[in-house]
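Residues per chain, in single letters:
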Amino acid sequence: MAGHLYRWLDERLKLESLKIALLEEPIPGGASWIYVFGSVTLFFFLLQLITGMFLAIYYSPTTDHAYESIRFIMDDVPFGSYLRGLHHWGASGMMVSIGLHMLQVFLYGAYKRPRELMWVVGVILFILTLAFGFSGYLLPWDQRAYWATQVGINMVGTIPLIGDALVRIIRGGQYLGQMTLSRFFALHTLFLPWITMVLIALHLFILRRVGPAGPWDEAQASRFSEPFWPRQVYMDAVAIGNAFLIVAILAITMPAPLADPANPSDTSFTPIPEWYFLFYYQLLKYLEGPWEIVGTVVLPILFFLALLLLPWIDRRKERHPASRRAVLAAGAGFLTLVFTFLGLSLYEVATMPRMDPSVLRGKALYQELDCAACHRIHGQGGLVGPDLSYVGDKRDRDWLIRHFKDPQAVVPGSIMPAYNLSDEELNDLTNYMLSLRKH
Ligand code: HEC
């Protein structure tokens, strides 16, 4: 039955030659677990494509509704939190797998002649992946998104001569706002996916033309070869299955974060970028004043140039690590720096003063009791009562507690309702009020 169907299709679609092109590609030296990361990266790209399309059903790319639409996905859409979790952790998964894939190619010298073009296209795909991460971060339009993007755009502004013009193009105007969100959304969901798909096709086309490099030992590589199907396909599938399992578990146990809505006037927020930008963020902290430009312009340009030109920098024919000591030492030095800065940054984030849990409970209470119906904090809420943005500078604990217990007794004629709160709730709400200060 299956054989009959296959013959029927083969007669009409010429499957046999397709099968040879797709599955019988010879791998010099045979299949190996070390070759799985390219397929895993491709899998993550497809996962992002699919979860992204479903997120787009609910997401609204306007500054008025973006945050609310993400809230809706998290709280009301069936499996919405899981869907967003997959997209969030899938992005991290793609970063890890593309990193491992590049590391393998680097270690094996697989970028050398005649595979320079495949490497160059691969480096561009890596840059596109970073652009996906940066543009996607803004879309939830929460405090993290707003302030981290602000930092990123300010960095572009330090580029000499063209910096200001470039910032205006990226931001779409004078301020980070609707124009910025619109273009980041278009970039993230239309421009980048299409460019990436074309380049992935090109990457795979070149792979089919020159074939995989195989082991670094040429004698071993030419001794025997094995077709892509079945063993390499099996290894790739197992690796993809495990990668998905990890991301699926993370999506269930650690939902994607969503901070408070973006608030351009609350400059007290400390932005923290995604972990894959953290090492760079840490590096920038050490380069201040006249050195800043070294971090924002000189080093990134040198890094990406070195990456793109690697096949011409390391151009000797031998791929064996023993004969490429200088290049491998440079790579190891770079990775040591990355992980050192990442470690330092994670340490700083972990030891950063955290919000007092009582303040957090007070903040939740403020939302629950709908104080925002009458009060405004940093531009959000009603105008019946006084603005509470900096009430912590104005009132002390004793005053606040007496006022909450009986507003009319403290401010005669006040229309603020008296709330029947427990001592603990009173304490939490007061702590929250006291935390609202100018810094
Ligand atoms: C019906 C509208 C209304 C609601 C709801 C309301 N307030 Fe008020 N609030 C007022 C008014 C009007 C004042 C000014 C008169 C006064 O001080 O009592 C005020 C004053 C205050 C002050 C003193 C501010 C200052 O600068 O003197 C604080 C603090 C405060 N409210 C907190 C809260 C909190 C917390 C909630 C929610 C639990 C809340 N309010 C709910 C109307 C309201």
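Preceding this paragraph is the structure being described.
Let me begin by describing the structure that accompanies this report. The model shown is predicted, which means the values in this text are computed figures rather than measured ones.

Helix and strand content of the protein: 20 helices and 4 strands. Counting only C-alpha atoms, the protein reaches 95 × 65 × 40 Å along its principal axes. Look at the contacts in the protein between residues 6 or more apart in sequence, and 76% of them connect residues 24 or more apart. Summed over all atoms, the accessible surface of the protein reaches about 24800 Å², with 68% contributed by carbon and sulfur. Both charge centroids of the protein, one from 35 positive and one from 36 negative side chains, sit 9 Å from each other.

Looking at the iron atom of the ligand, one finds its protein donor set to be His 375 (NE2) and Met 416 (SD), positioned 1.9 to 2.0 Å from the metal centre. Geometry at the iron atom of the ligand is octahedral, judged from the 6 donor atoms that bind it and their angles of 87 to 178 degrees at the metal. Of this pair, His 375 sits in the loop between α16 (357–368) and β3 (376–377) while Met 416 sits in the loop between α19 (407–410) and α20 (423–435), and the two are 41 residues apart along the sequence. Exposure class is identical for His 375 and Met 416. Each is buried.

Attention shifts here to a nonpolar patch on the surface. Together, Ile 50, Met 53, Phe 54, Ile 57, Tyr 58 and Phe 72 make up a nonpolar patch on the protein surface, roughly 610 Å² of accessible area in all. Here the nonpolar patch takes 5 residues from helix α3 (residues 37–58), the largest share from any one element. Position of Ile 50 among the secondary structure elements: in helix α3. Judged by relative accessible area, Ile 50 falls into the partly exposed class, the value being 44%.

Right, let's talk about the pattern of salt bridges for a bit. As a working rule, side chains carrying opposite charge can pair if their charged atoms are close by. Applying the stated criterion to the full structure yields 16 salt bridges. Between Arg 324 and Asp 314 there is a salt bridge, and its shortest N-O distance comes to 3.2 Å. Residue Arg 324 is found in the loop between α14 (310–313) and α15 (325–350), and its partner Asp 314 is found in the loop between α14 and α15; the two are separated by 10 residues along the sequence. The same class applies to Arg 324 as to Asp 314, namely buried. The structure contains a network of salt bridges with shared partners spanning Lys 112, Asp 314 and Arg 324.

Moving on, we get to the site of the ligand. As a structural note, the neighbourhood of the ligand is formed by 23 residues, with Cys 371, Cys 374, His 375, Ser 414 and Met 416 the closest of them. His 403 is positioned such that a nitrogen or oxygen atom in its side chain is 2.7 Å from an oxygen atom of the ligand. Ser 414 is positioned with one of its side-chain polar atoms (N or O) 2.6 Å from an oxygen atom of the ligand. Elements that contribute at least two residues to the shell around the ligand include exactly α18 (397–405) and α20. For the shell around the ligand, the element with the highest residue contribution is α18, accounting for 4 residues. In the shell around the ligand, the residues fall into 17 nonpolar, 4 polar and 2 charged.

This part takes up the packing of helix α12 (residues 275–286) against helix α13 (residues 292–308). Remark: α12 packs on α13, axes separated minimally by 10 Å, with the N-to-C direction vectors making an angle of 125 degrees. The angle between α12 and α13 places the two elements in the oblique class. From α12, Tyr 280, Leu 283 and Leu 284 reach across to α13, where they touch Gly 295, Thr 296, Leu 299 and Pro 300. When its residues are assigned to classes, the contact of α12 with α13 shows 5 nonpolar, 2 polar and no charged.

Every α-helix carries 3.6 residues per turn, so stepping three or four residues along brings you back to the same face. In this model, α13 (17 residues) spans 24 Å end to end at C-alpha, consistent with the 24 Å of a helix rising 1.5 Å per residue. Of all the bends found along α13, the most pronounced is centred on Val 298 and spans about 35 degrees, while Pro 300, a proline, follows it within four residues. Among all positions of α13, only Gly 295, Thr 296, Val 297, Pro 300 and Leu 307 are buried. Buried residues belonging to α13 abut α5 (80–107), α6 (116–138), α7 (143–157), α12 and α14.

So, how was this worked out
Residues numbered from 1 in each chain as written. Predicted model: local features only at pLDDT ≥ 70, side-chain atom pairs only at ≥ 80, totals over all residues. Heavy atoms only, no water. Helix = DSSP H or I, 4+ residues; strand = E, 2+ residues; numbered from the N terminus. Contact = heavy atoms within 4.5 Å. Areas by Shrake-Rupley, 256 points an atom, 1.4 Å probe, with all protein chains shown as cover. Lys, Arg positive; Asp, Glu negative; His and termini not counted. Charge placed at Lys NZ, Arg CZ, Asp CG, Glu CD. Donors = N, O, S within 2.8 Å, 3.2 Å for Na, K, Ca; no water. Tetrahedral: all angles 85-135°; square planar, octahedral: opposite > 155°, others 65-115°. Buried < 20%, exposed > 50% of the residue type's maximum accessible area, 1.4 Å probe, protein only. Patch = residues over 30% accessible without salt bridge, like charges linked within 9 Å, V, L, I, M, F, W, Y side chains within 5 Å. Salt bridge = Lys/Arg side-chain N within 4 Å of Asp/Glu carboxyl O. Near = heavy atom within 4 Å. Polar contact = N/O pair within 3.5 Å; in protein donor to acceptor, adjacent residues only side chain to side chain. Nonpolar A, V, L, I, M, F, W, Y, C, P; charged D, E, K, R; others polar. Axes fitted to C-alpha atoms, helices over the stretch in contact; angles between N-to-C directions. Parallel < 35°, antiparallel > 145°, perpendicular 65-115°, else oblique. Expected span 1.5 Å × (residues − 1). Bend = angle between axes of the 7 residues up to and from the residue.

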